[in-house]
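Residues per chain, in single letters:
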Amino acid sequence: MKRLNQNIKANEIKRYSKASIIRRLLALFYDTLLTVAAIFIAFQPIPLAENLIERYPFIESLYSIYLLAIWFLFFGWFWTHGGQTAGMKAWRIILHRQDVKKVTWADALFRFLISNIFFLILLFMIQVEVISIKQSLILAGLIFSISYIWAIFDRENRTLHDLFSRTRISVLEPKKSN
């Protein structure tokens, strides 16, 4: 029997049970709250480096990379260690590769970059003052919506980042009580 990880067997994934958009968005909302908290905690030492930032301006870019790394590590750790973030566990959905194998760090990085590339570009554009925050929020909302609107028309409810990263989100079978 294939094992996706130590706790979840491949046969516990409903063969044709696609995770609904609502379930995915609710899990994402829950995970967003946790991610913001993690980034907030990770941000705490940054004000201590203000003197360094003033002296060496390139360090400002380093702390942006540091916060981005925290953001990726939050999702990457959960995806590679069980396929579920806290929000995904609450909604009984799991991320796995299309071949029902465990997500690797390379898979997690690719999925993270694909799902966030436009958001990251918008953050960069704000930082170099090409667009305003208001314009960025509008564009981010449109880009986010396109991926999930795609899932409405895909017969397997896959978002664009599911398709490009060759991963999928499935619903787990409810645990049977004996």
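Report on the accompanying structure. Given the structure is predicted, the values throughout are model-derived calculations rather than measurements. (Residues numbered from 1 in each chain as written. Predicted model: local features only at pLDDT ≥ 70, side-chain atom pairs only at ≥ 80, totals over all residues. Heavy atoms only, no water.)

1. Points about the pattern of salt bridges
- Scanning all chains against the criterion turns up six salt bridges.
- For D99, the salt bridge goes to R97, with nearest N and O atoms at 2.8 Å.
- According to the relative accessible area criterion, R97 is partly exposed, its value standing at 21%.
- Measuring nitrogen to oxygen at the nearest pair gives 1.9 Å for the salt bridge that ties R168 to E156. Taken together, the positions of R168 in strand 3 (residues 167-172) and E156 in the loop between helix 6 (133-153) and helix 7 (160-165) put the pair twelve residues apart, joining distant regions of the chain.
- Judged by relative accessible area, which is 17%, R168 ranks as buried.
- Salt bridges sharing common partners tie together R24, R111 and D162. (Salt bridge = Lys/Arg side-chain N within 4 Å of Asp/Glu carboxyl O. Buried < 20%, exposed > 50% of the residue type's maximum accessible area, 1.4 Å probe, protein only. Helix = DSSP H or I, 4+ residues; strand = E, 2+ residues; numbered from the N terminus.)

2. Topic: the environment of D107
- The topology assignment puts D107 in helix 5 (residues 105-127).
- Leave out the neighbours within four places in its chain, and D107 touches R97 and K102. (Contact = heavy atoms within 4.5 Å.)

3. Things to note about the pairing of strand 2 (residues 93-97)
- Across the five residues that make up strand 2, a large majority, four, are buried.
- For strand 2 and strand 3, the ladder comprises five bridges, and the chain directions are antiparallel. Within the sheet, the bridge partner assigned to I93 lies in strand 3 and is V171. (Pairing = 2+ DSSP bridges.)

4. Focus on the environment of S136
- Take S136: it is sitting in helix 6.
- A relative accessible area of 6% places S136 in the buried class.
- Separated by 15 residues in the primary sequence, S136 and I121 have C-alpha atoms spaced 9.7 Å apart.
- Not counting residues within four places of it along the chain, the set of residues in contact with S136 comprises L122, I126 and I131.

5. Quick notes on unusual backbone geometry
- Not every positive phi belongs to a glycine, and V100 is a case in point at roughly 60°.
- Inspection of the secondary structure assignment puts V100 in the loop between strand 2 and helix 5.
- The phi torsion at N157 lies on the positive side, around 55°, for a residue other than glycine.
- Along the chain, N157 falls in the loop between helix 6 and helix 7.
- What makes N157 buried here is its relative accessible area of 18%.

6. A short note on the packing of helix 5 against helix 6
- Taken N-terminus to C-terminus, the directions of helix 5 and helix 6 make an angle of 175°; their axes are 10 Å apart at the nearest point. Compared by their axis directions, helix 5 and helix 6 come out roughly antiparallel. On helix 6, the residues touching F118, F119, L122 and I126 of helix 5 are I133, S136, L139, A140 and I143.
- Residues belonging to the contact of helix 5 with helix 6 are distributed by class as follows: eight nonpolar, one polar and no charged. (Axes fitted to C-alpha atoms, helices over the stretch in contact; angles between N-to-C directions. Parallel < 35°, antiparallel > 145°, perpendicular 65-115°, else oblique. Nonpolar A, V, L, I, M, F, W, Y, C, P; charged D, E, K, R; others polar.)

7. Some thoughts on the nonpolar core
- The biggest cluster of nonpolar side chains holds 16 residues, and the ones touching the most others in it are W79, M88, I93, L95 and I169.
- Elements with a contribution of two residues or more to this core: helix 3 (58-80), strand 2, helix 5 and strand 3.
- At five residues, the largest contribution of residues to this core is made by helix 3.
- Excluding its chain neighbours within four sequence positions, the residues that come into contact with M88 are A27, D31, W79, G83, I93, I94, L95 and I169. (Core = buried A, V, L, I, M, F, W, Y, C linked by side-chain atoms within 4.5 Å.)

Just geometry here; none of it tells us what the structure is for.
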